[in-house]
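Examination of the molecular architecture
Each chain, letter by letter, is given below.
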Amino acid sequence: MANGWSIIISIIFVAAFSAVAWFASPKGENQTIWRSTLVLSAWSCWLMWAITFLAQWHPLIVPERTDLRSQYNGGPSPSGSRF
Amino acid sequence: MGKDTLFRSADMTLTQLYVANEIGREVVSALGELGSMQFRDLNPDTSAFQRTFTQEIRRLDNVERQLNYFRSQIEKNDIPMRSLYEFDNRMAAPSATEIDELADRSQGLEQRVQSLNESYETLKKRETELTEWRWVLREAGGFFDHARGQTEEIRQSIDSSDDAPLLRDVENANGSAEQGGHQQSFSVMNIGFVAGVIPRERMAAFERILWRTLRGNLYMNQSEIPDAIIDPEKNEEIHKNVFVIFAHGKEIIAKIRKISESLGADIYNVDENSELRRDQIHEVNSRLQDLSNVLGNTKRTLDAELTQIGRSLAAWMIVIKKEKSVYQTLNRFSYDPARKTLVAEAWCPTNSLGLIKSTLQDVNDRAGLTVPTIVNQIETSKTPPTYNKTNKFTLGFQTIIDAYGTAKYTEVNPGLPTIVTFPFLFAVMFGDFGHGFIMALAAAAMIYWEKPLARGKQDELFGMAFYGRYIMLMMGVFSMYTGLIYCDAFSKELSLFPSMWEWEYPADYKPGMKVEAKRVEGYTYPFGLDWRWHDTENDLLFSNSYKMKLSIIMGWAHMTYSLLWSYVNARHFKSPIDIFGNFIPGMIFFQSIFGYLVFCIIYKWSIDWYAINQPPPGLLNMLIYMFLKPGTVTEPLYSGQGTLQVILVLVALVQVPILLFLKPFYLRWEHNRARAKGYRGIGETTTVSAVDQADDEHEAGANGRPSFADSDFDGGAMITQDMNEGEHEEFEFSEVMIHQVIHTIEFCLNCVSHTASYLRLWALSLAHQQLSTVLWKMTLKNAFAFSGITGIIMIFIFFSVWFCLTIAVLVVMEGTSAMLHSLRLHWVEAMSKHFIGEGIPFEPFSFEAMLEDEMTELK
């Protein structure tokens, strides 16, 4: 589902969003505010996503747990709390 | 002329207005409604008392005082007042006659209210006195009855030696009362008495003083009045005691009277004859009855009067305040007696000029004057004020910037990007979907009920939150986003997509054994952090490395972005030297060290180190050894790394002398070249002789406004008279050099320290996440251990505790802390890269702003 191409695709997507935001921003005295806010938000959110994605792309460590019940992995789970 | 945006402060024009004297008031009033002109004071040397309209202002001050008096009376009597908002706020400017009427009316009303008040107070005082007298009569009667039985005893004790216990308890005396019954009069025994009331807290002092001054030659009885007595002057309740003092000898009695009066006691006439006393009581009672009737009438009249006033008081206040500010503004104008016109100078946004002109035309037409009001634009070398037009959404963000400093006229306004970057950096630290949702919800509620909330009274804390409600909304929304990225909602995971990790159980699995996850081949978790990391043994190991790198990259992006604005500023102010001497070397320096670090972080992430069978290099050591041992790389990241790093370090080092010397030496060269050609700065004073200078000063002092003195009224006149106010600086090489040295050192060191400073993003987000995990574990998680009806109760109790603590600690406290850190990142780390500042804020003459400041108490 998600692999190395995701970054490129997402950049294209955010760039397209920015372009649309730039031209579709409502005209008038608040146009600059709309443009700046939409474009900057899009790229900030993208940056955050991209960093998180890249950090997990080739992870160096794997999750470890010692408190798992044997039923957890698909087995029948006993009734009661699961938290 | 472009339109005014938040990107830069608006273009300003200095205008000169020539207003016919007759309509000065109307013109200023119309401009006050418009609220887009900042009038300069044209009579700075004139004191407040010597100005033209001092008389009018004094009169209005008096009316304002009267209105304030009405308000205090209305508040004192708890009479409802019609709120400010029930009136149309944009009331048309009242005519001069209306103002006169209002002044007369309030004068009359004041007298009426005052006389009513006075008589009410007198009556009230009378009533208090009568009540006190009644108490004295009633209590003293008891004393007399007791005392009469003991005349002999009293006599003895008064006659006997000074150590006799005269000041005995009433109780003591009670024991031997009733036994006598001989109707021996006090006057026969030459015993006089004083009766009265005194505040209870002074009783002890009163007793002591009497005892000491009279050396015990007295007999005193006292009792407490059970009901509090109301002091009519202060409207306070006071507890008082009745006392009766017996002593013999006229002098001693006179002395007692004096002492009593000086201690604030009220002495009342009581007859010793019980019959007469009864009559007195009757009389007092009937007088009290009459008095309370009159009092009731007076009070009703007063209340009716005040209710009538309260209905329109807020509107009168607005009218008077507006009128007063109009005259205060008129006082800033200068008067041209020859043409009978008022002359004003004002800054206004260039784009509002049209509106101003049409407004003035309207006023003229209404007044039916043939002489038009003239608006001239004047060229000036003065620095125009900085004016960023805001709306209710951008106001909060602009306030953040203005709290740090006013931007230079037309420099890039950091307020625009702050709309996003401030709440976003906040959200990086506050990232939790649940907490963000609560914050967004609170902000949305404040925005939805904006009007009623704005009109209500707000305490300080709520007022602050309400002022920043749009900031809070953005912070909440972005926190929800970063919460999704961090995969945290109230510290629990959000499993939006299938995980990229599968638990791999060993064949002989028993609970308690360590289980490692195995990656699903070729699949990366598509959005945010994988939820399988939650509650693992090594989640901190992973998330710390991730969040630390996130902070560095975020900081790098934010600083690079901010640094780019300095290029835009240099272009705008047409100073290429700032591009070549500051922006380019600075940018190269920053990118060759920290840009390279960011590149390495991303490069390292994009390589599958296990697939290519190489150990992943530590980036921290790489950066350190890049400077300590240039050229040697112990754990290679890519081939040719050593050479590239040497080049980068050299490039960075070369920028330092460029930063240091290019700009100052260029400026000196430019200055010398201009000098060589014989130019000099406007207003630069070159004193040829002392006489010349004195002459200059004389001329400036004589008319103060040379541009008028020559009656040269064409719009192109250059105003240069205030040049020596320090707006022009003479070139001095040493100063420029010192300035540049400081700038260079600061910039280079700050590149390092500011990048490190962004690590607070990691630290705070770690703290926030850990705190919410701990809160969950300490409260709500425990509730799930119970079952049955106890379980239900426990869940209810623990949920309330958990929820309240979540709001108080995690949303309010942590939110405040994250907000302050975000504030710092903007003020220090980002704004230091491009902000010039030193601007003058634009403070237009506006009724709206003035009323907002002054009428808060009328809400």
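Numbering of residues begins from 1 in every chain and follows the order in which that chain's sequence is written. The naming scheme follows written order: chains are lettered A onward, ligands numbered 1 onward. Under the rules for a predicted model, residues below a pLDDT of 70 receive no local features and side-chain atom pairs below 80 are neither given nor counted, while totals for whole chains, interfaces and linings still include all residues. Side-chain measures here rest on the full set of heavy atoms in the structure, leaving out hydrogens and waters.

Going by what an unreviewed UniProt entry lists, chain B is known as V-type proton ATPase subunit a and is assigned to Acrodontium crateriforme. UniProt positions are given in the numbering used here, feature names are shortened, and annotations may be inferred rather than shown by experiment. Quoted verbatim from the Function (unreviewed entry) field of UniProt, the annotation for chain B is "Essential component of the vacuolar proton pump (V-ATPase), a multimeric enzyme that catalyzes the translocation of protons across the membranes. Required for assembly and activity of the V-ATPase." In UniProt, chain B has this text filed under Subcellular location (unreviewed entry): "Membrane".

Looking at the Sequence similarities (unreviewed entry) heading of the UniProt record, one finds this comment for chain A: "Belongs to the V-ATPase e1/e2 subunit family."

A run of H or I in DSSP becomes a helix once it reaches four residues, and a run of E becomes a strand once it reaches two; helices and strands are each numbered from the N terminus. The secondary structure content of chain A amounts to 2 helices and 1 strand. Overall, chain A shows an N-to-C arrangement of helices and strands of α-α-β. The buried label applies to any residue whose accessible area, calculated with a 1.4 Å probe on protein chains only, is under 20% of its type's maximum; exposed applies above 50%, and partly exposed to all values in between. Looking at chain A residue by residue over its 83 residues, the buried ones come to 43%. Method for areas: the Shrake-Rupley scheme with a 1.4 Å probe, in which residue coverage is limited to the protein chains shown. Taken as a whole, chain A presents about 4,700 Å² of accessible surface, with 68% of it coming from carbon and sulfur.

Pairing between the strands of a sheet comes from backbone hydrogen bonds, and it takes one of two forms, parallel or antiparallel. Across the sheet, which stays open at both edges, the 3 strands sit in the order 1(A)-13(B)-12(B) with antiparallel pairing between neighbours. Taken across any chain shown, the strands that pair with only one partner, and hence form the sheet edges, are strand 1 (64–65) of chain A together with strand 12 (501–504) of chain B. Two strands form a pair only when DSSP identifies at least two bridges running between them. Looking at chain direction, strand 1 of chain A and strand 13 (residues 515–519) of chain B are connected through 2 bridges and run antiparallel. Paired with Arg65(A) across the strands is Val515(B), a residue of strand 13 of chain B.

Before going further, it helps to spend a moment on the interface of chain B and chain A. Listed by partner, the interface residues are 71 residues for chain B and 41 residues for chain A. Of the roughly 5,200 Å² buried at the junction of chain B and chain A (both faces included), carbon and sulfur atoms supply 66%. What counts as buried area is the accessible surface, traced by a 1.4 Å probe, that two parts surrender upon association, with contributions from both included. Area buried by chain B at its contact with chain A is led by Trp503(B), Thr524(B) and Trp605(B), which between them contribute 12% of it. Think of a salt bridge as a Lys or Arg side-chain nitrogen and an Asp or Glu carboxyl oxygen that are within 4 Å of each other. Scanning the region where chain B abuts chain A turns up 2 salt bridges. Among the ionic pairs, Lys389(B) bridges to Glu29(A), the shortest N-O distance being 3.1 Å. We call two residues in contact whenever any of their non-hydrogen atoms come within 4.5 Å of each other.

The next subject is the packing of helix 1 (residues 24–34) of chain B against helix 9 (residues 353–367) of chain B. Residues and elements named next belong to chain B. Axis definition: a line fitted to C-alpha atoms, limited for helices to the stretch in contact. Angles are taken between N-to-C directions and run from 0 to 180 degrees. Packing of helix 1 against helix 9 brings their axes to within 10 Å, and their N-to-C directions diverge by 140 degrees. What the angle tells us is that helix 1 and helix 9 run oblique. The way helix 1 lies across helix 9 gives a crossing that is right-handed. Mapping the contact onto sequence places Glu 26, Val 27, Ala 30, Leu 31 and Leu 34 in helix 1 and Leu 355, Ile 356, Thr 359, Leu 360 and Val 363 in helix 9. Here the word oblique covers every angle except those under 35 degrees (roughly parallel), over 145 (roughly antiparallel) and from 65 to 115 (roughly perpendicular). Should the near helix be turned anticlockwise from the far one by less than a right angle, the crossing is left-handed, and should it be turned clockwise, the crossing is right-handed.

Residue and element names in this part refer to chain B. Mapped onto the present numbering, the UniProt feature "transmembrane region" (unreviewed entry) falls at residues 424–449, 470–491, 550–568, 580–605, 646–667 and 784–813. End C-alpha atoms of residues 424–449 are separated by 25 Å, and the span's content is 88% helix alongside 0% strand. The straight-line gap between the two end C-alpha atoms of residues 580–605 is 35 Å; of that span, 100% is helix and 0% is strand.

A separate point is the pattern of salt bridges. All names here are of chain B. Tallying each qualifying case throughout the model produces 28 salt bridges over all chains. Here Arg 25 makes a salt bridge to Glu 26, at a shortest N to O gap of 3.1 Å. Residue Arg 25 is classed as buried on the basis of its relative accessible area of 10%. The structure contains a network of salt bridges with shared partners spanning Asp 61, Glu 64, Lys 321 and Lys 324.

Once that is clear, we can look at the sheet that holds strand 3 (residues 191–199) of chain B. All names here are of chain B. Strands sit in the order 4-7-3-8 across an open sheet of 4 strands; the sheet is antiparallel. Pairing within the sheet leaves two strands with one partner each, and these edge strands are strand 4 (219–224) and strand 8 (266–267). Sheet topology places strand 3 next to strand 7 (residues 240–248); 9 bridges connect them, and they run antiparallel. Along strand 7, the bridge assignment pairs Val 197 with Val 242. Each of strand 3, strand 4 and strand 7 is contacted by helix 6 (residues 203–213), which is oriented at about 175 degrees to strand 4, the strand it contacts most. On the sheet, helix 7 (residues 250–262) packs against strand 3, strand 7 and strand 8 and is oriented at approximately 160 degrees with respect to strand 7.

Here the focus is the packing of aromatic side chains. Note on ring pairs: Phe, Tyr and Trp rings are taken, using the six-membered ring of Trp, and paired if centres are within 6.5 Å. Classes follow the plane angle, with under 30 degrees stacked, over 60 edge-to-face and the rest tilted. If you walk through the whole model with that rule in mind, you get 41 aromatic pairs over all chains. Relative to Tyr546(B), the ring of Tyr486(B) lies with its centre 6.4 Å away and its plane at 80 degrees, an arrangement referred to as edge-to-face. Of the two residues, Tyr486(B) sits in helix 15 (residues 469–486) while Tyr546(B) sits in helix 16 (residues 539–572), which places them 60 residues apart along the sequence. For the pair Tyr486(B) and Tyr546(B), a shared accessibility class is recorded, and that class is buried. A centroid spacing of 6.3 Å and a plane angle of 75 degrees characterise the contact between Phe599(B) and Tyr638(B), whose relative ring orientation is edge-to-face. Of this pair, Phe599(B) sits in helix 17 (residues 576–606) while Tyr638(B) sits in the loop between helix 18 (619–628) and helix 19 (641–676), and the two are 39 residues apart along the sequence. Residue class for Phe599(B) comes out partly exposed when judged on its relative accessible area of 41%. Classification of Tyr638(B) as buried rests on a relative accessible area of 17%. In this structure an aromatic cluster arises from ring pairing among Phe490(B), Trp776(B), Phe784(B), Phe799(B), Trp802(B) and Phe803(B). The aromatic ring of Trp22(A) is capped on one face by Arg35(A), whose charged end is 4.1 Å from the ring centroid. Whether a charge sits over a ring depends on NZ of Lys or CZ of Arg being within 6 Å of the ring centre and within 35 degrees of the ring normal.

Residue and element names in this part refer to chain B. A positive phi angle is found at Ser 491, which is not glycine, with a value near 75 degrees. Within the fold, Ser 491 resides in the loop between helix 15 and strand 12. Of note, Asp 535 is a non-glycine position whose phi angle comes to about 65 degrees, a positive value. Within the fold, Asp 535 resides in the loop between strand 13 and helix 16. Note on Asp 535: relative accessible area 32%, which makes it partly exposed.

As annotated in UniProt, the feature "coiled-coil region" (unreviewed entry) corresponds to residues 99–126 of chain B in the numbering used here. The span residues 99–126 of chain B is 100% helical and 0% strand by assignment, and the distance between its end C-alpha atoms comes to 40 Å.

Next up on the list: the side chain of Gln398(B). Structurally, the position occupied by Gln398(B) is in helix 10 (residues 395–404). Not counting the four nearest positions on each side in its chain, Gln398(B) is found in contact with Leu6(B), Asn388(B), Thr390(B), Asn413(B) and Gly415(B).

Moving on: the confidence of the model for chain B. Residues and elements named next belong to chain B. Per-residue confidence for chain B averages 84 on the pLDDT scale, and 87% of its residues sit at or above 70. The score called pLDDT rates the predictor's confidence residue by residue, from a low of 0 to a high of 100. Every residue in residues 160–184 scores below 50 in pLDDT, and together they form 34 contacts with partners more than four places removed in sequence or on other chains. Contacts of residues 685–727 to residues separated by more than four positions or lying in other chains number 47 contacts, the stretch itself having pLDDT below 50.

This next bit is on helix 7 of chain B. Residue and element names in this part refer to chain B. With 13 residues, helix 7 ought to run about 18 Å at 1.5 Å a step, and its terminal C-alpha atoms sit 18 Å apart, in line with that. Those residues of helix 7 lying buried are Ile 253, Ile 256, Ile 259 and Ser 260. The buried side chains of helix 7 occupy one side of the element, clustering within an arc of 125 degrees when seen end-on. Away from its buried face, by an angle of more than 90 degrees, helix 7 presents the exposed residues Lys 250, Glu 251, Lys 258, Glu 261 and Ser 262. The inward-facing, buried residues of helix 7 contact strand 3, helix 6, strand 7 and strand 8. Where helix 7 terminates, the next one or two residues include Gly 264, which has phi positive at roughly 85 degrees. To estimate how far a helix should reach, multiply one less than its number of residues by 1.5 Å. It is the directions from the helix axis to the C-beta atoms that the arc portrays.

Let us now look at the side chain of Gln31(A). By the secondary structure assignment, Gln31(A) is in helix 2 (residues 31–57). Overall, the relative accessible area of 8% leaves Gln31(A) in the buried class. Beyond its immediate sequence surroundings of up to four residues, Gln31(A) is in contact with Ser25(A), Pro26(A) and Lys3(B).

Residue and element names in this part refer to chain A. According to UniProt, the "transmembrane region" (unreviewed entry) feature falls on residues 6–25 and 37–57. Helix makes up 95% of residues 6–25 and strand 0%. Its end C-alpha atoms lie 27 Å apart. With 100% helix and 0% strand, the stretch residues 37–57 has end C-alpha atoms that lie 30 Å from each other.

Further remarks concern the nonpolar core. Counting residues in hydrophobic clusters, the biggest one holds 100 residues, and the most contacted among them are Met48(A), Trp49(A), Ile51(A), Tyr546(B), Leu550(B), Met554(B) and Leu761(B). No other element matches helix 2 of chain A, which puts 14 residues into this core. Counting the residues that make up this core, at least three belong to each of domain 3 (397–501 + 516–538 + 759–841) and domain 4 (575–677 + 733–752) of chain B. With sequence-adjacent residues up to four places away left out, Met48(A) is seen in contact with Phe424(B), Val428(B), Tyr481(B), Thr482(B), Ile485(B), Tyr486(B), Leu550(B) and Met554(B). To form a nonpolar core, buried Ala, Val, Leu, Ile, Met, Phe, Trp, Tyr and Cys residues must be joined to one another through side-chain atoms within 4.5 Å. An automatic or database domain assignment is the source of the domain bounds shown.

As a further point, take helix 2 (residues 54–76) of chain B. Residues and elements named next belong to chain B. Here helix 2 is 23 residues long and its end C-alpha atoms lie 32 Å apart, about the 33 Å a rise of 1.5 Å per residue gives. Among the residues of helix 2, Thr 54, Ile 57, Leu 60, Val 63, Glu 64, Gln 66, Leu 67, Tyr 69, Phe 70, Arg 71, Gln 73 and Ile 74 are the ones counted as buried. After helix 2 finishes, the residue Asp 78 shows a positive phi value of roughly 55 degrees.

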